Amino acid sequence: MIGRRSGRTVVLLLPLLVGCSIGDVRRQPPPAPSRPAATAPSRPAATAPSPQAAVAEVRRVRVAVPQRYDPPYIEFVDAEHGYALFANCGEPPPGPDCPALLFATGDGGRSWRALRHPHPVAENHQLYAAPGVLTLWSEPHGWWTSTDGGASLVHSRIGPPPQWVGAQGRFQLIEASGQVGEWDGRRLRPLAAQPHVPGLNTVDAGDGLLVVAAGTTDGKPHAAVSFDRGRSWQQTPVPAPDGHVGVLRAVVERDGTAWLVGERPDRRSFPALWRLRRGWDPIRADGHPPQIQSVAPIGGGLLAVTGSGGAGAVGDGRYTELPWPVGPDHSLSVLTDGTMVAAGGDGEILLGIGWVAERRWAKIILDNS
């Protein structure tokens, strides 16, 4: 299969929590395809309810897809808009007997409409989606991009297409040079002032003036901060973490809250965490699970985690379970409108609508049985 992304008791947890995210919250532009086909309330006492609560709503829709197809790859861009691609039919490689089938929803998965796939027979199909942009890859035939919800698509053989690159954020790393670039509407333009960050590998920005760049050398984290949209930079020392850090990620939420996430070399052990205040403050999480699947910032100073115990939250120096219908194999991500997506390893998709930890979860199912 193609790879790529409540209740009153939860409100009581809000003041206890501090947040950030493993991996970039904003998806990075795809390289040449290599994936296989297919304001806080007061501080009342909190209790830790059992995770794995039932979903509030199951949105099951039967679609005109033969039973031989594997479950689809589903990509949402906000709470209402998403796409689904059926592209695998078991062990045989995709071919004339298994053309790609494309669908779209504009009501949060309550209904789906079929779209014309521009090249349904290919060796490898991929789907990428961002607000206002749908991008398809059909190997070896090239890229197709739509900015009108799939009604029309423009073909190109060189990618990733500029529309997709621009949708990934105003500030990005330029792969060819390793510099920080700013999207000018047509291309990534290198900033006149570059951050001096050893091992630079990540940059992120919110909706304001703040931009954060970070990287590692020999397991040591480094970061620089701009408060004027990249016109100038300040070196910001990062306190040494407890243990080794493999990859460092910068995450800036839309409100300007900034975090660093130090992924461990095995990519599964609990990460090192910092929050930008006057400097980079280390974040403790007593009682956290030893290994995690994902971490995501969801506003209000909250960090949601999926690990061996299901979903949990980090804050006030400790880890607390959350009553979400999210299992240990779910990966969390946050869409641009604040909606959470929990994607299971078996293709299961859950949408978490709400704010901070108070979420109403809906399960999305496209049924071809």
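What you see is a predicted model; the values in this text were computed from it and never measured.

This brings us to the overall build of the chain. Of the regular secondary structure elements, the chain holds two helices and 28 strands. By the burial criterion, 54% of the 369 residues in the chain qualify as buried.

The next thing to look at is the state of the cysteines. One way to say it: the disulfide is the covalent bond shared by the sulfur atoms of two cysteines. One pass over the full model with this rule turns up one disulfide. Two residues share a disulfide in this structure: Cys 89 and Cys 98, whose sulfurs sit 2.0 Å from each other. Its S-S torsion of approximately 85° makes the covalent link between Cys 89 and Cys 98 right-handed.

Turning our attention to the side chain of Glu 75. Along the polypeptide, Glu 75 turns up in strand 2 (residues 73–76). When its relative accessible area of 1% is taken as the criterion, Glu 75 is described as buried. There is a polar contact of 2.5 Å between the side chain of Glu 75 and the side chain of Tyr 73.

Here we come to the environment of Gly 219. Checked against the element boundaries, Gly 219 lands in the loop between strand 14 (211–217) and strand 15 (220–226). By relative accessible area, Gly 219 is classed as buried at 14%. A sequence separation of 26 residues divides Gly 219 from Val 245, and the C-alpha atoms of the two residues are 4.8 Å apart. Sequence-distant contacts of Gly 219, defined by excluding residues within four places in its chain, comprise His 244 and Val 245.

On to the pairing of strand 7 (residues 133–139). Summarising burial for strand 7: six of the seven residues are buried, a large majority. Between the antiparallel neighbours strand 6 (residues 124–130) and strand 7 lie two residues, among them Gly 132 with a positive phi of about 80°. Pairing of strand 7 with strand 8 (residues 142–146), which is carried by five bridges, proceeds in the antiparallel orientation. Bridge pairing in strand 8 places Trp 137 opposite Trp 143. Where strand 7 hands over to strand 8, the hairpin turn is made up of two residues, counted between the paired strands.

Before going further, it helps to spend a moment on the pattern of salt bridges. One pass over the structure, following the stated rule, counts 14 salt bridges. Its salt-bridge partner being Asp 367, residue Arg 60 comes within 3.6 Å of it at the nearest N-O pair. In this pair, Arg 60 sits in strand 1 (residues 57–62) while Asp 367 sits in strand 28 (residues 358–367), placing the two residues 307 residues apart along the sequence. Classification of Arg 60 as exposed rests on a relative accessible area of 52%. Asp 281 is paired through a salt bridge with Arg 277; the nearest N and O atoms lie 3.3 Å apart.

Reading the values: the criteria
- Here, residues in each chain are numbered from 1, in the same order as that chain's written sequence.
- Only residues with pLDDT of at least 70 get local features here, since the model is predicted, and only at 80 or more are side-chain atom pairs given and counted; chain-wide, interface and lining totals rely on the full set of residues.
- The side-chain quantities take in all heavy atoms of the structure and omit both hydrogens and water.
- Where helices and strands are cited, they refer to DSSP runs of H or I of at least four residues and of E of at least two residues respectively, numbered from the N terminus.
- Only protein chains enter the calculation, and the probe is 1.4 Å; a residue is then buried if its accessible area is under 20% of its type maximum, exposed if over 50%, and partly exposed in between.
- Disulfide: a pair of cysteine sulfur atoms within 2.5 Å of each other.
- Whenever a nitrogen or oxygen atom comes within 3.5 Å of another N or O atom, the pair is scored as a polar contact, on the condition that within protein one atom can donate a hydrogen and the other can accept it, and that pairs from neighbouring residues in sequence are kept only if both atoms are in side chains.
- In this description, contact between two residues means that some pair of their heavy atoms is separated by no more than 4.5 Å.
- Paired strands are those between which DSSP finds at least two bridges.
- We define a salt bridge as a contact between a side-chain nitrogen of Lys or Arg and a carboxyl oxygen of Asp or Glu at a distance within 4 Å.

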